Each structure stands twice: as C-alpha cells, then as structure tokens.
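# A look at the structure
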Amino acid sequence: MKISLIWKNLIPAVIILTVLVFSVVRTRRDTPENPPIVTVIKKADLTFYWNRKCKDTDATVMKLKPGDSLQVLGYGKPTKHEPFYWVETTDGQRGFVLPSVVDTSAVAVIEDIKTFNYQLTSPMGPRYISKAKFEKLCQTMTPEELEDYFDKSMTLQRVDSGVSMFFNVAVLDPETGIQMRPKVSFPKTDAAGASDIQYKDSTDRNAFFLETIPLTGAIVDVFHVFIDESYYWYSVNLKNLEGWKHYLSFVLIFGFGFFWLYATCFLLGHIVMALIPLRYPFKWLGNYAVRWVVTALIIITLYIWTVLMLTWGAWWWAFLPVVASMAISFEDRFMRKIMEQRCPHCKSMDSYTRVDTEFVDEALQWCTESEYDKLVSSNTERWQTWTETVWKMGDGSYRTDKHNVQNHSRTTRVHQYNDFKVLYLVKHYCDTYECDICGAQYEQDRYEPIEQSREYVGSHQTTSVSEN
C-alpha cells in the first residue's frame, strides 16, 4: 500500500514536470548565431511591418539596391502572403523581403534557410509582460539593451537619428485585461528613454477575468517563462513520420498538451503527496497540517496557473470548469487514502495492524433490493433526413435533387427487475488498530450484514431510449 501510494502521486508528478520542462526548453527566441548572408540582385522593397500578422495596411518600405547584403534570420509564410525572408541589413535594420529578390545560387542557402532551424512561427510568438514593467524598461534601457532583454524585435527601422521598433511582446494591462503589441520609437539609437509607445493589435480575450483577478501583472512578470512562445518552429518535424508513428505522435502531443494545460497546477501537490509516505520529509507535520499545506499549495499554484493560462489565451469556458473539478476531486483521489493510512503520532504509513475486535451489538434491518430479470422488448425505428434543392429547367419543368442524406435510428428497450424485501442481521463491531512503529492505537466501527430472509414483493420495468 505504501509503495502504491508513492507511485500514484510520483508518476503524475514526473509526467507533469517533464512536460513543463520540455515546454520551457523548446522555446526558441534566439536567432541563429551564424545566419546565412545573401545579396540583393535587383531593386526591391524591405518591408517594415508594424503589426503581428504582417498586414500591408500598417507597414512602411525602404528601397534596396542590387548588391546590398542581408542576413537571413528566418523563413516564413504569414496568412495571405507569399513566403518571405526575415532579414537584417548591415546597419541593423530588420524587416522582410521576397526570396525572389536575393541571390541564393552561390551557396546552398535555400536548403539551409528552409530547414526547421529557420522556420518562423506565424505570427512570431511573443514574450509576456505587464504594461507597467514594459514602460519602465522603455524609459531606462537603450534600444540595444531592450533587444538583449526581449530578444530581437520583429521590425527595426532607423528614422533620422533614432529608431522605431516593433517588439514580439504581449503587453498586459491589468486595469483593462487587454493585451497589446508595442511599437516603440527612440529619438537616439544609443540613449534610453522612449519618445513614443504605440500599442497595436489589442485583444480582449479573457479580459474580464484578467482585469478582475488581483496581481495579474505581477504574476505574468514573474512566471512569464512558462508561457513565452517561440520565434521558430521546434525542430521535430512530424511530417517525416509515417503510418502509425504519425498518428501516435499526435496522440502523445494531445496527451502532453492536456497535462501541460490542466495538470501543471497540481505539480507541487503531487510532489508533496509522494513524499508523505516516506515519513521523514514531513515527519514534523501532523495530519491536519499536511492537509492545510497541500491545500494551500494547490490553491496558490492553481491561482498562478489560471492567470498564466488566461493570459496565454486559453478559453476560460474550456479551462476554468475542468481545473475546478480536478481541484475539488483531488482530496478524494489522492489525499484521503494517504491520511487514512498515516499514523498521527509517529507519521508512519501503512503501519497499523488490527489487534482486537469487540462485539458491540446487533440489530435486524429491512431493506429493499432489485435484481435484473430480463429484456421485455426492444423496438427500433429508422428514418432518413435530407435537404432538397429544386431546379427550374429550360423547358419550364422542375427537378428536385436530394443531398446530405442521413440515416437515423431510435431504439427503445424495456427492462424488467424483480423487487425483494430483504431482512439483514447487522452485527456491529469495534476494531482496535495498533501502529507497529510507535504502538499508538485507534478504534474504528465495522458493520457486517448477514442476510436472514428474502421475500419477493413484485417487479418493475424501466425504459431506455438511444438514438443514432
């Protein structure tokens, strides 16, 4: 029993921790150390997008001339766009160009760029931060320091002696619950103090909760690493898998995703519950205190994870009811059995042995029971539904076509049960258990029903209906 209680909590904890670590490690925001260099072969536009979905309605353009060198940082294809290269000029400006305007024939650049190491997510993933902290950083850091802090901005354009930047940052305003993407302008490239911050692409998903729940901004600032997203796709390409491996990979991804989304908030609770049967880690805590510690850990982690998931974008109606039901059932599924087996004196697990049984009393008790008898009848109705389209022909006649034809069935079953009146002699015992480690004892009532007689009193029928 002791070992089974440990594994019952340790296995979920290991799975959750593995998924959580993998989700953090796989986040790729750093650009390649030695990106490929290409040369512009004809007059072209370097496009600076000031929105996360690369919409042309909010963009500026800089002309490139033949012979200009560009570092290729990534390859992507946003919605309703041709594939493009994310590039950086020799003077540090960053934007997007079409692959057709650069020379890739001298070296095998195309194959290198289109590997998964350069495949951009669409749109590029953000880092999460509160509005107050972001604006403070913009006033105390230079553009270069901000890029070191947030990783490279998606867009960077030199304007006069200054620079404008569009960051891959989701800025949360706790007062409204709205998230925004920032365009930041600096009057000088080497001095701190943003002259202008424009917030774009605002989204109000889960805004009601994010503006109502306290400390959302502080939680996002401290724990953002768990929800920060990647610039690039992870290097595992599921398209290369075939047959059952391909389908198994999606099952595993769904399973791991479920653990990440719904079970992460129970990680600390499972770890503590796995350690309790070992006695010594929590020997100093009584059973009542253990319940409070585990409950407090679950409440705190559930609160933090709820804020993070709502900020990340999980739909509240698909997240909150599930984690709430899991939290309510946690005690029945994990805590209750452990507490029942833990000695409140020496904190040993599964150490009690029944040493005495005392007969208390006995009493006759009537009860009603039902037993399944037979299937009385089963009737199935079948019918079709369809959609009709009426066509008028050239000669004035009409033609009717059926489509979306669907078969339906409804089965009605009647079951019969026999009812009995049963007399039991219920014996009441008081069992005494003793801890093998410290000798502490406790008593527990036990009731043993013994059937004395059974009288048939009739039958009843139930009807069930199923549809396909």
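Anything mentioned here points back to the structure above.
All chains use their own residue numbering, which begins from 1 and follows the written sequence. The predicted origin of the model limits local features to residues at a pLDDT of at least 70 and limits the giving and counting of side-chain atom pairs to 80 or more, whereas totals for whole chains, interfaces and linings rest on all residues. Calculated side-chain values reflect all of the structure's heavy atoms, with hydrogen atoms and water omitted.

### Side note on the overall build of the chain
Rule in force here: Here a helix means four or more residues in a row that DSSP labels H or I, a strand means two or more in a row labelled E, and each is numbered from the N terminus. Here the globule rule reads 2.2 Å times residues to the power 0.38, and the radius of gyration is calculated from C-alpha atoms. Throughout, a residue-residue contact means that at least one pair of heavy atoms, one from each residue, lies within 4.5 Å. In this description, accessible areas are obtained by the Shrake-Rupley approach with a 1.4 Å probe, and a residue is regarded as covered only by the protein chains that are shown. Neither His nor the chain ends contribute to the count of charged residues, in which Lys and Arg are positive and Asp and Glu negative. We put the charge of a Lys on NZ, of an Arg on CZ, of an Asp on CG and of a Glu on CD.
Each helix and strand in the chain was counted, giving ten helices and 16 strands. A compact globule built from 468 residues would reach a C-alpha radius of gyration of about 23 Å, whereas the chain, at 33 Å, exceeds it by more than 25%. When its C-alpha atoms are laid out on the principal axes, the chain stretches across 100 × 90 × 45 Å. Contacts spanning at least 24 positions in sequence make up 71% of the contacts within the chain whose residues lie at least 6 apart. Total accessible area on the chain stands at roughly 26400 Å², and carbon and sulfur atoms take up 56% of it. Taking the average location of the 49 positive side-chain charges in the chain and that of its 55 negative ones, the two points are 5 Å from each other.

### What to know about the nonpolar core
Formally: We call a set of buried Ala, Val, Leu, Ile, Met, Phe, Trp, Tyr and Cys residues a nonpolar core when their side-chain atoms join them within 4.5 Å. Exposed residues in this analysis have more than 50% of their type's maximum accessible area, buried residues have under 20%, and partly exposed residues fall in between, with area computed by a 1.4 Å probe over protein chains only.
Judged by nonpolar contacts, the single largest core of 46 residues is most densely connected at Trp260, Ile276, Val294, Trp305, Met309, Phe319 and Phe330. Put simply, the parts of the chain that give this core at least two residues each are α1 (2-25), β11 (169-173), α5 (207-212), α6 (216-223), α7 (244-263), α8 (267-275), α9 (287-312) and α10 (316-341). Ranked by residues supplied to this core, first place goes to α9 with ten residues. With residues up to four places along the chain from it excluded, the contact list for Ile276 reads Phe282, Val290, Ile338, Met339, Arg342 and Met349. Grouped together as the second largest cluster of nonpolar side chains are 27 residues, Cys54, Val72, Tyr85 and Tyr231 included.

### Brief notes about unusual backbone geometry
Following Ser122, the chain continues into Pro123 via a peptide bond in cis, with omega recorded as -5 degrees. If you trace the backbone, Pro123 turns up in the loop between α2 (109-113) and β8 (127-130). Even without glycine at this site, Asp160 takes up a positive phi of about 55 degrees. Take Asp160: it is sitting in the loop between β9 (155-159) and β10 (162-166). Despite not being glycine, Asn206 shows a phi value in the positive range, around 65 degrees.

### Some thoughts on the pattern of salt bridges
The line we're drawing: For this document, the term salt bridge refers to a Lys or Arg side-chain nitrogen within 4 Å of an Asp or Glu carboxyl oxygen.
Counted by the stated rule, this structure contains 17 salt bridges. Between Arg446 and Asp431 there is a salt bridge whose closest N-O contact spans 2.5 Å. Of this pair, Arg446 sits in strand β16 (residues 441-467) while Asp431 sits in strand β15 (residues 398-435); the two residues are 15 residues apart in sequence, bridging distant segments of the chain. A relative accessible area of 25% places Arg446 in the partly exposed class. Classification of Asp431 by relative accessible area gives buried; the value is 1%. Here the salt bridges share partners, and the residues they tie into one network are Glu88, Arg94, Glu147 and Lys152.

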